[in-house]
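Okay, here's what each chain looks like letter by letter:
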Amino acid sequence: MSLHFTDEEFLEAWKELDKPQLEGGWEFFTETMGVKIYRLYDKETGLYEYKVFGVLATCTPELCADVYMDLPYRKQWDGYVKELHEKEYDGHSAIYWEVKYPFPLSNRDYVYVRERRDVDVDSRKIWVVLAKSSPQSPLPEKSGVQRVNDYKQTVAMESDGACGTKVFMNYFDNPGGNIPTWLVNWAAKSGVPAFLTDMQKACGNYSNYCQKNKK
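Keep in mind that what you see is a predicted model, and the values were worked out from it rather than measured.

Caption draft 1: How the structure looks around the packing of aromatic side chains. Throughout the structure, instances matching the rule amount to 17 aromatic pairs. Taking the centre distance of 4.9 Å and the plane angle of 40° together, the rings of Tyr73 and Tyr206 count as tilted. Of this pair, Tyr73 sits in helix 3 (residues 71–77) while Tyr206 is found in helix 4 (residues 181–213), placing the two residues 133 residues apart along the sequence. Of the two residues, Tyr73 and Tyr206, neither departs from the other in class, the shared state being buried. For the ring pair Tyr112 and Tyr151, a centre distance of 5.5 Å and an interplane angle of 70° mean the geometry is edge-to-face. Of this pair, Tyr112 sits in strand 6 (residues 108–121) while Tyr151 sits in strand 9 (residues 151–159); the two residues are 39 residues apart in sequence, bridging distant segments of the chain. Like Tyr112, the residue Tyr151 is buried in the burial classification.

Caption draft 2: Region of the structure containing a nonpolar patch on the surface. On the surface, Tyr80, Trp182 and Trp186 cluster together into a nonpolar patch covering about 380 Å² of accessible area. Relative to the helices and strands, Tyr80 is located in the loop between helix 3 and strand 4 (81–89).

Caption draft 3: Region of interest: unusual backbone geometry. At the junction of Phe103 and Pro104, the peptide bond is cis and its omega measures out at 10° in the coordinates. If you trace the backbone, Pro104 turns up in the loop between strand 5 (92–99) and strand 6. We note that Asp122 has phi near 50°; this positive angle belongs to a residue other than glycine. Residue classification places Asp122 among the exposed positions, given a relative accessible area of 71%.

Reading the values: the criteria
- Residues numbered from 1 in each chain as written.
- Predicted model: local features only at pLDDT ≥ 70, side-chain atom pairs only at ≥ 80, totals over all residues.
- Heavy atoms only, no water.
- Phe/Tyr/Trp six-rings, centres within 6.5 Å; stacked < 30°, edge-to-face > 60°.
- Helix = DSSP H or I, 4+ residues; strand = E, 2+ residues; numbered from the N terminus.
- Buried < 20%, exposed > 50% of the residue type's maximum accessible area, 1.4 Å probe, protein only.
- Patch = residues over 30% accessible without salt bridge, like charges linked within 9 Å, V, L, I, M, F, W, Y side chains within 5 Å.
- Areas by Shrake-Rupley, 256 points an atom, 1.4 Å probe, with all protein chains shown as cover.
- Salt bridge = Lys/Arg side-chain N within 4 Å of Asp/Glu carboxyl O.

This is the structure we're talking about:
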């Protein structure tokens, strides 16, 4: 039984693989590198929440899910990771993640919880990962690093019917501070598609990594 996420949240995540839920103000934002991105304006923060739909043509969903969940491996292929590890805090597990930001901006860090479920639905196999901020985890803030306390991400993956993976991603974070508009737009338009491309490459190298590290 999950302490952090409900069955309904997992259900809502994989349903968007069949039919994107874009009512209520969602607008088409951009399409790049085969990835479609939609956004929803958040009046409270003045920021956008994003939904991403795409295909990773050369890796299976199970492999994608394994790579996505493997934190030590991500430090090998994601150049924006400064620090990333999972620890026990007061009896529950949480992840610490520091992200490199371009000079002169301060790096951002996150403390979050996540859960993966491999779901069988009408003979379909779907991999779902949910993540959200865990501000109650007692991890002190670092000097010179901006803590992000409002973060959520959903990832749902299934076979594209060939050799690849159909991907849906929904995410929001409030990085705090004065982030230039150009950086926000870059992260949404280029950063996410580039991340998916890098993850696809990482999938291709995962078996070698596992052999070297005897996973």
